[in-house]
Amino acid sequence: MNANDSKTPLLMVDRKELYESLNLMSKFMKRKKLKTEAVVLSFDGQFLIIDSSVMAEKVKAEGYWPGQAHVAFNLLMILPQSEFETDTLEFRISGDKIQIQTFSLLCTWHPGNVT
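Residues numbered from 1 in each chain as written. Predicted model: local features only at pLDDT ≥ 70, side-chain atom pairs only at ≥ 80, totals over all residues. Heavy atoms only, no water.

Novice: In this structure, what is going on with the pattern of salt bridges? I would like to understand it.
Specialist: It is possible for side chains of opposite charge to pair when their charged atoms get near one another. For the structure on display, the rule yields four salt bridges. Ionic pairing is found between Lys58 and Asp44, a salt bridge with its closest N-O pair at 3.9 Å. One end of the pair, Lys58, is in strand β4 (residues 56-64); the other, Asp44, is in the loop between β2 (38-43) and β3 (47-51), and 14 residues separate them in sequence. Residue Lys58 is classed as partly exposed on the basis of its relative accessible area, which comes to 49%. Asp44 gets classed as partly exposed once you look at its relative accessible area, which sits at 41%. Put simply, Arg92 and Glu90 hold a salt bridge, and the shortest N to O gap is 2.9 Å. Overall, the relative accessible area of 27% leaves Glu90 in the partly exposed class. (Salt bridge = Lys/Arg side-chain N within 4 Å of Asp/Glu carboxyl O. Helix = DSSP H or I, 4+ residues; strand = E, 2+ residues; numbered from the N terminus. Buried < 20%, exposed > 50% of the residue type's maximum accessible area, 1.4 Å probe, protein only.)

Here you go:
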């Protein structure tokens, strides 16, 4: 994986790991009737963390992501249904959207280092 050197929030995320984590979360959140809730995407330097009110998943990632993106979980679930030809997905923040490859999803970006 190779991320850019600019200051634009950009993560390179392993597609297979991401899909496995999203599918696991989907099963759990469906039982709890939480599929439309917002999740928080953050980065700890090694992993993209997908955090809901009831569980969190970590996915190997590289890049620069100085903050948190809040996005509806059901929008993220579009990704495993999509056919991407690459093994690595690019997550980029652009204004009030998170761009993941060719998809653009509404999000709320909260800049700043988060622990």
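Novice: What's the story with the nonpolar core in this structure? I'm lost.
Specialist: Nonpolar side chains tend toward joint burial in soluble globular proteins. Counting 31 residues, the largest nonpolar core has Leu18, Leu41, Leu48, Trp65 and Phe91 as its most contacted members. Per-element tally for this core: the top contributor is helix α1 (residues 15-31), with five residues. Once residues lying within four places of it in the same chain are set aside, the contact partners of Leu41 are Leu48, Ile49, Ile50, Trp65, Gly67, Gln68, Ala69, Val71, Leu76, Phe91 and Ile98. (Core = buried A, V, L, I, M, F, W, Y, C linked by side-chain atoms within 4.5 Å. Contact = heavy atoms within 4.5 Å.)

Novice: What am I meant to see in the pairing of strand β6 (residues 88-94) here?
Specialist: Each regular strand shows side chains that alternate between the opposite faces of the sheet. Of the two faces of β6, only one is covered, namely that formed by Leu89, Phe91 and Ile93; the face formed by Thr88, Glu90, Arg92 and Ser94 stays uncovered. In this structure, strand β1 (residues 10-14) lies alongside β6, joined through five bridges in antiparallel fashion. Across the sheet, Leu10 pairs through a bridge with Arg92, a residue of β6. Two elements, β6 and strand β7 (residues 97-100), share four bridges in a ladder whose sense is antiparallel. Across the sheet, residue Arg92 finds its bridge partner in β7, namely Gln99. The hairpin turn running from β6 into β7, its antiparallel successor, is two residues long, and Gly95 in that turn takes a positive phi close to 65°. (Pairing = 2+ DSSP bridges.)

Novice: So what exactly am I meant to see when it comes to unusual backbone geometry here?
Specialist: Note: most peptide bonds trans; most residues except glycine with negative phi. Phi at Gln101 takes a positive value of approximately 55°, unusual for a residue other than glycine. Checked against the element boundaries, Gln101 lands in the loop between β7 and β8 (103-106).

Novice: Sorry, what's going on with the packing of aromatic side chains here?
Specialist: To describe a pair of aromatic rings, one takes the distance between the centres and the angle between the planes. Inspection of every chain in the model, using the stated rule, returns two aromatic pairs. Relative to Trp109, the ring of Trp65 lies with its centre 5.2 Å away and its plane at 85°, an arrangement referred to as edge-to-face. Here the residue Trp65 occupies a position in the loop between β4 and β5 (67-72), and Trp109 occupies one in strand β9 (residues 108-111), the gap between them amounting to 44 residues. For the pair Phe84 and Phe103, a centre-to-centre distance of 5.8 Å together with 85° between the ring planes defines the contact as edge-to-face. Of this pair, Phe84 sits in the loop between α2 (73-76) and β6 while Phe103 sits in strand β8, and the two are 19 residues apart along the sequence. Residue classification places Phe84 among the buried positions, given a relative accessible area of 14%. (Phe/Tyr/Trp six-rings, centres within 6.5 Å; stacked < 30°, edge-to-face > 60°.)

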